[in-house]
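# Residue-level structure breakdown
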Protein chains: 2
Amino acid sequence: MAAENSLNIGALAKATGTKVETIRWYERVGLLPAPARSAGNYRTYAEAHLGRLSFIRRARDLGFSLDQIRALLDLAEDRDRSCDAVDLIAREHLDEVDRKIADLQALRQELDALISQCRHGSVSECRIIEALAPSAG
Amino acid sequence: MAAENSLNIGALAKATGTKVETIRWYERVGLLPAPARSAGNYRTYAEAHLGRLSFIRRARDLGFSLDQIRALLDLAEDRDRSCDAVDLIAREHLDEVDRKIADLQALRQELDALISQCRHGSVSECRIIEALAPSAG
DNA sequence: CTTGACCCTGTAGTGACTACAGGGTCCATG
DNA sequence: CATGGACCCTGTAGTCACTACAGGGTCAAG
């Protein structure tokens, strides 16, 4: 288990399902530590980078913001600390997701009501346009 | 019906619940036509602007993109045309909202499962961190 | 030694605003 | 008539999380 499992950026991208540009972006914003460079100035990633990037991608898939992920990664480093702070971040995110779902469902209802009124006539008698305009001139 | 009900940008903002900067932004991107200017170079809005901006805001509240709104406004101008194209835009938007709701609900479930595993111990045995990391090193 | 896939940096674009900075205008007071 | 403060102007940069170039350099196969 020596240097044989080191990856260049393309291999890391493939291994994690991330675009190359996105990996460079995570480095720029300090989420992924800058890796060693090869003689030709190529980024050379180790196992630890793969783990960290997988963590980031999984958290992104779950809708955490990069700031939240940064906080989670910081917390994860302090192995002896209580994980209540981690739990809090996850709960806050869950609350936000719940709010978004509720908002979208309310919006969906309005939209559905709008569409169900369409009589497929001309625009001048279009209920959708009417409903959007407050007092047509 | 003379010039007495013309508005400056602040009054239009108040009347429509829009920020002044947002109104200027809509003008810049061609959603709201550039109004006449006063002697002191202030924007001077007429009734038509109020109607159009109200339409834009209402459509935004319903989650339509500015591109979609642009299309709706274009269609609304052609009073004799069939409103099927309007209906189509609205239906496509509804489908997108449905997809977003489904995505968020799936995400919500995963997140909920994650959180319910928290035993409030130390980070080193944190299920949330574990679930995010694929194979901790 | 050339080809083509890969890598590098740096900058600009996305959507829909928001937030200044650094000025000008208007109007009601004193 | 001067002053103060609320309003308005333009232009630019910032937000979030990337994405997409442009214009180069590196590397391995043939």
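Residues numbered from 1 in each chain as written. Chains lettered and ligands numbered in written order. Predicted model: local features only at pLDDT ≥ 70, side-chain atom pairs only at ≥ 80, totals over all residues. Heavy atoms only, no water.

## Some remarks on the protein's contact with DNA strand D
Close to DNA strand D lie 18 residues, the nearest being Tyr-26 and Tyr-42 of chain A together with Gly-10, Arg-24 and Arg-43 of chain B. Protein-adjacent atoms of DNA strand D, using a 4 Å cutoff, are sugar or phosphate at a proportion of 81%. Leu-66 of chain A places a polar main-chain atom, nitrogen or oxygen, 3.4 Å from a phosphate oxygen of DNA strand D. Elements represented by at least two residues in the surface near DNA strand D include exactly helix H2 (20–28) and helix H3 (47–61) of chain A together with helix H1 (9–16) of chain B. Broken down by element, the surface near DNA strand D gets its largest block of residues, three residues, from H2 of chain A. Looking at side-chain class alone, the surface near DNA strand D contains six nonpolar, six polar and six charged residues. (Near = heavy atom within 4 Å. Polar contact = N/O pair within 3.5 Å; in protein donor to acceptor, adjacent residues only side chain to side chain. Helix = DSSP H or I, 4+ residues; strand = E, 2+ residues; numbered from the N terminus. Nonpolar A, V, L, I, M, F, W, Y, C, P; charged D, E, K, R; others polar.)

## Some remarks on the relation of the copies chain A and chain B
Superposing chain A onto chain B requires a rotation of 180° together with a translation of 0.0 Å along the rotation axis, leaving an RMSD of 0.1 Å. The symmetry that links the two subunits is that of a two-fold axis. Nearest to the rotation axis, the C-alpha of Ile-101 of chain A is located 3.0 Å from it, this being the minimum over chain A. The overlap is high: 100% of the interface residues of chain A also sit at the interface in chain B, so the same surface is used on both sides. (Least-squares fit on C-alpha atoms with pLDDT ≥ 70 in both. Contact = heavy atoms within 4.5 Å.)

## What to know about the packing of H1 of chain B against helix H3 (residues 47–61) of chain B
Geometrically, a packed helix pair is captured by the angle between its two axes and the distance between the axes. All names here are of chain B. Orientation of H1 relative to H3, taken along the N-to-C sense of each, is 45°, at an axis distance of 10 Å. It follows that H1 is oblique to H3 by the angle criterion. As for how H1 packs across H3, the hand of that crossing is right-handed. Residues Leu-12, Ala-15 and Thr-16 of H1 pack against Leu-50, Leu-53, Ser-54 and Arg-57 of H3. The residue makeup of the contact of H1 with H3, split by class, is four nonpolar, two polar and one charged. (Axes fitted to C-alpha atoms, helices over the stretch in contact; angles between N-to-C directions. Parallel < 35°, antiparallel > 145°, perpendicular 65-115°, else oblique. Left-handed = near helix turned anticlockwise from the far one by under 90°.)

## A word on the interface of chain A and chain B
At the interface, 51 residues of chain A touch 51 residues of chain B. Roughly 4600 Å² of surface becomes buried between chain A and chain B when both sides are summed, with 73% attributable to carbon and sulfur atoms. For the chain A face of the interface with chain B, the top three residues by lost area are Leu-62, Val-123 and Leu-132 of chain A, together amounting to 15%. At the junction of chain A and chain B, the tally comes to four salt bridges. Top element by residues in the side of chain A that touches chain B is helix H5 (residues 84–116) of chain A. It accounts for 20 residues. Of the residues belonging to the side of chain A that touches chain B, the class tally is 27 nonpolar, ten polar and 14 charged. (Buried area = accessible area lost by both parts, 1.4 Å probe. Salt bridge = Lys/Arg side-chain N within 4 Å of Asp/Glu carboxyl O.)

## Side note on the protein's contact with DNA strand C
The full set close to DNA strand C counts 19 residues, and Gly-10, Arg-24 and Arg-43 of chain A together with Tyr-26 and Tyr-42 of chain B are the nearest of them. Backbone sugar and phosphate groups make up 80% of those atoms of DNA strand C lying within 4 Å of the protein. Thr-22 of chain B places a side-chain nitrogen or oxygen 3.0 Å from a phosphate oxygen of DNA strand C. Here a phosphate oxygen of DNA strand C sits 3.3 Å away from a polar atom, N or O, in the main chain of Gly-40 of chain B. For the surface near DNA strand C, the elements supplying multiple residues, two or more each, are helix H1 (9–16) and H2 of chain A together with helix H2 (20–28) and H3 of chain B. With three residues, the single largest contributor to the surface near DNA strand C is H2 of chain B. A breakdown of the residues in the surface near DNA strand C according to their chemical character gives six nonpolar, six polar and seven charged.

## Quick notes on unusual backbone geometry
Residue and element names in this part refer to chain A. Within the chain, Asn-41 stands out as a residue other than glycine whose phi angle is a positive 70°. Examined against the element boundaries, Asn-41 turns out to sit in the loop between strand E1 (36–37) and strand E2 (43–44). The backbone of His-120 sits at a positive phi, close to 60°, despite the residue not being glycine. Among the secondary structure elements, His-120 is positioned in the loop between H5 and helix H6 (127–132).

## Remarks on the pattern of salt bridges
Residue and element names in this part refer to chain B. Summed over all chains, the structure comprises 18 salt bridges over all chains. Measuring nitrogen to oxygen at the nearest pair gives 3.5 Å for the salt bridge that ties Asp-78 to Arg-81. Classification of Asp-78 by relative accessible area gives partly exposed; the value is 38%. We classify Arg-81 as partly exposed; its relative accessible area is 38%. Of the charged contacts, one joins Asp-87 and Arg-91 as a salt bridge, the two residues approaching to 2.8 Å between their closest N and O atoms. (Buried < 20%, exposed > 50% of the residue type's maximum accessible area, 1.4 Å probe, protein only.)

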